[in-house]
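This is what each chain is made of:
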Amino acid sequence: MGLLQNQNIEFHMRDSLQKTLQSNIQGDVFFKKEFINYYSVDASSYQIYPKIIVIAKNEKDISNTIKIAKKFKTSVTVRGAGTGLVGSALNNGIILDLKKFDSIKVNKNYVTVGPGTLKGQLDKILKKSKKFFPPNPSIGSFCSIGGMIGNNSSGSRSLKYGSVVDNVTEITFIDGKGIKHTLPKNKIISKKILDITKRTEFKKIPKVTKNSSGYKIDKIKTTKDTQNIIIGSEGTLGIIISAKLKINKIPKNRILFIIEYKTITDAVKNAIQINDTNPSAIEFVDKITLKQIKFSFNKKTNCILFVEYDEKLISSEKKLKKIVTGKIIKKLNKELDIFQWWKYRDASLHYSLKSIKKEKRIPHIIEDSAVPLENLLKLFTSLNKINKKYKTRSISYGHVGNGNIHIRLISDRKRKQMIKNIAIEFFDEVIKLDGTITAEHGDGLARSEFIKKQYGKKNYQIFKEIKKLFDPNNILNPGKVISKKSTIIDNLENF
Ligand SMILES: Cc1cc2nc3c(=O)[nH]c(=O)nc-3n(C[C@H](O)[C@H](O)[C@H](O)COP(=O)(O)OP(=O)(O)OC[C@H]3O[C@@H](n4cnc5c(N)ncnc54)[C@H](O)[C@@H]3O)c2cc1C
C-alpha cells in the first residue's frame, strides 16, 4: 500500500472516530491542531501526538469512550495535570481529560475526591478543617489527585506519612472493558486480584520505603487492600473516577533545621543517624541548588540537609544535636520562614534547569531511583563512575530520608545512545543495591522496558495477568508498565 493510500485511510478513520465520539459524548471532543499540540507534551522531554481529545462530562462519557476506542482499534490514555516527568500521560490514541471530575467531600478521617481535583484545591478545602492529605510532590498545588494516584506520588513528608499507596482506602474506576468497579468493596474482583498476587516473588521486590515502578503487587496482603493495585498503575488498568483518601490533622508546630556539610558522604552518613530520630522529612540539595538560595553559605559547604520534625519538638531537637555532624545554620519554627526554605528545596528542579544550557540538559531518565538508605553512598559511587565513563556531570537533590535521589545529567542532549547506555548501567546498579528504578515519578516511556529486569520473570508474569484481568484488549495507555518495545529514546521532543 502506498503512502498516500495509508494517509487516506488514516484520515477517514480519524474523521469517523471524531464523528462517532461527537455523537456519543456529552462532554467536549477536540481535534484541532492547537489541542493536539497541547496534549502531545507534558513536563517530560517526550512528545507524542494523540488523535483526539475527550473532556468527559460524566461516567457514561468514559465508558463510551472506551467502547468506541475498542471499535476503532485505538487507545485511551487518561491525563491529569500533565506534570509527569516521564511521559506517562502521552499516547497516540484518544486522550481523556477528567478535569471536570473535581468534587471534594470532606469527612472526619477521610475525603472523597474526583480525580480531576487539583492538589492545591484539596489542600485549601482541607485546611479549613485543619486537616491535610500527606503526599506532597514538590510541584505543589498543580498536580491532580488522579495523576498522584496514577504515579503513586510522594514528597518530602513521605518519610513519616508514606506515599499515596499508604493513604488511600477506596478507589472507584472504570476498567478497559468499560465496567465500573469499587475496590476493595467488590469482593469477587478482590479475590481474583489476591489469587493472582499471592504468587508474588518477594525477594525481587525492591527493599525501599517508596516505590512507583510496576504494579504494587506487594501491597496486596488481603482482599481488604486491593485498591492498591490501581495505585501507580499509570492509567493502564482503569480510569479512576473517585477515591477515598486518608486525612491527618495538621501538626500544631513544626521545626525545620538547615544543616550544612562539607561532603555528600558526610551528609548521607549523618542522614542515616538522623533518620533514627523520627523526623517528618530529611531532604538534600547539592552545591548547584545552594547557589540559587539567598543565603551566604560557608565556602566549603558542598550540600545541605533539611531536617523537619512535626511532633515532640523539644526532645527531637535534643536527639538531633547529639548526633549531628554538620553545622546547623538555621533553626526555623515560624511557619512563614519554614515555608520560604521549603520553597528553596521544592524549586530544585527549576534551579537545576536554570543552571544548564538547554542543549546540555539530558532528559529525565535516571532521575528518580531509590535504594535502602544504608546503600545510598554506593549509589552515589555508581553515579560518579557513570560521570567519569561518559564524561557527564550531574546535579542531585531529593528525598534522602527515603534513599531517593533526583539526578539531572549534564552532557550533549543529542547523545541518544549514550542516554540509553547510562540508563541500562545505572538501573543494573540500582537493582543490585535492592533499589527501585523509580520511587515516585513512575515508569512511563522512560522506564517501562526495565520493569521485567527490576521484578524478574515471575512477578512480570503476574503484572501481565493483572493487566489481562482489567484491560484484556490493551486499550488503556498501551506501552506503559507492560511494554514490548523500547521507548526510552523514541519520541524525545526536539531531538
Ligand atoms: C517541578 C516538578 C517537581 C515534581 N516533584 C515531584 C515530587 O516531589 N514527588 C512526586 O511524586 N512527583 C513529583 N513530580 C512529578 C509529578 O508532578 C507527579 O507525579 C504528579 O502527581 C503527577 O500528577 P499529574 O496530575 O500531573 O499527572 P499526569 O502527568 O497527568 O499523569 C500521571 C499518570 O497518572 C495517570 N492518571 C491521571 N489521571 C488518572 C485517572 N483519573 N485514572 C487513572 N490514571 C490516571 C496518567 O495516565 C499518567 O499515567 C514533579 C514534577 C515536576 C514538574
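That block above? That's the structure.
Only a predicted model underlies this, so the values are computations on that prediction, with no experimental measurement involved.

Rules used in this analysis
- Residues numbered from 1 in each chain as written.
- Predicted model: local features only at pLDDT ≥ 70, side-chain atom pairs only at ≥ 80, totals over all residues.
- Heavy atoms only, no water.
- Helix = DSSP H or I, 4+ residues; strand = E, 2+ residues; numbered from the N terminus.
- Rg over C-alpha atoms; globule rule 2.2 N^0.38 Å.
- Contact = heavy atoms within 4.5 Å.
- Areas by Shrake-Rupley, 256 points an atom, 1.4 Å probe, with all protein chains shown as cover.
- Lys, Arg positive; Asp, Glu negative; His and termini not counted.
- Charge placed at Lys NZ, Arg CZ, Asp CG, Glu CD.
- Core = buried A, V, L, I, M, F, W, Y, C linked by side-chain atoms within 4.5 Å.
- Buried < 20%, exposed > 50% of the residue type's maximum accessible area, 1.4 Å probe, protein only.
- Polar contact = N/O pair within 3.5 Å; in protein donor to acceptor, adjacent residues only side chain to side chain.
- Phe/Tyr/Trp six-rings, centres within 6.5 Å; stacked < 30°, edge-to-face > 60°.
- Lys NZ or Arg CZ within 6 Å of the ring centre and 35° of its normal.

A. Representation of the overall build of the protein within the structure. The number of helices and strands found in the protein is 16 helices and 18 strands. Taking 23 Å as the expected radius of gyration for a compact globule of 495 residues, we find that the protein reaches 23 Å, a close match to that expectation. Along the three orthogonal principal directions, the C-alpha set of the protein runs to about 70 × 55 × 45 Å. Taking as baseline every contact in the protein between residues at least 6 positions apart, the subset at least 24 positions apart corresponds to 75%. If you sum the accessible surface of the protein, you get close to 22,100 Å²; carbon and sulfur atoms cover 52% of it. Here the protein carries 92 positive and 46 negative side-chain charges, and the mean point of each set is 1 Å from the other.

B. Molecular detail of the nonpolar core. Counting 49 residues, the largest nonpolar core has I274, L305, V307, I366, L376 and F426 as the members making the most contacts within it. Only β12 (255-261), α8 (264-275), β13 (281-286), β14 (303-309), α13 (376-390), β18 (404-410), α14 (416-432) and α15 (444-447) provide two or more residues apiece to this core. When residues in this core are grouped by element, the largest group, seven residues, is from α14.

C. Representation of the environment of Q454 in the model. Secondary-structure assignment places Q454 in helix α16 (residues 451-470). Judged by its relative accessible area of 3%, Q454 is buried. Residues Q454 and I437 lie 17 residues apart in sequence; the distance between their C-alpha atoms is 7.5 Å. Here Q454 is in contact with K204, P206, S213, I431, G435, T436 and I437, once residues within four sequence places are set aside. Within the structure, Q454 has its side chain in polar contact with the backbone oxygen of G435 (distance 3.0 Å).

D. Fine view of unusual backbone geometry. With an omega dihedral of 10 degrees, the bond running from L183 to P184 counts as a cis peptide bond. Although it is not a glycine, V481 adopts a positive phi angle of roughly 65 degrees. If you trace the backbone, V481 turns up in the segment after α16. Residue N491 is not a glycine yet carries a positive backbone phi of 60 degrees. Along the chain, N491 turns up in the segment after α16.

E. Quick peek at the packing of aromatic side chains. Tallied over the entire structure, the rule returns 15 aromatic pairs. Centroid distance W341 to Y344: 5.2 Å. Interplanar angle 85 degrees. Geometry classified as edge-to-face. Of this pair, W341 and Y344 both sit in helix α11 (residues 335-346), three residues apart, roughly one helical turn. Pair check on accessibility: W341 and Y344 agree, each one buried. Lying over the aromatic face of Y110, K244 brings its terminal NZ or CZ to 4.7 Å of the ring centre.

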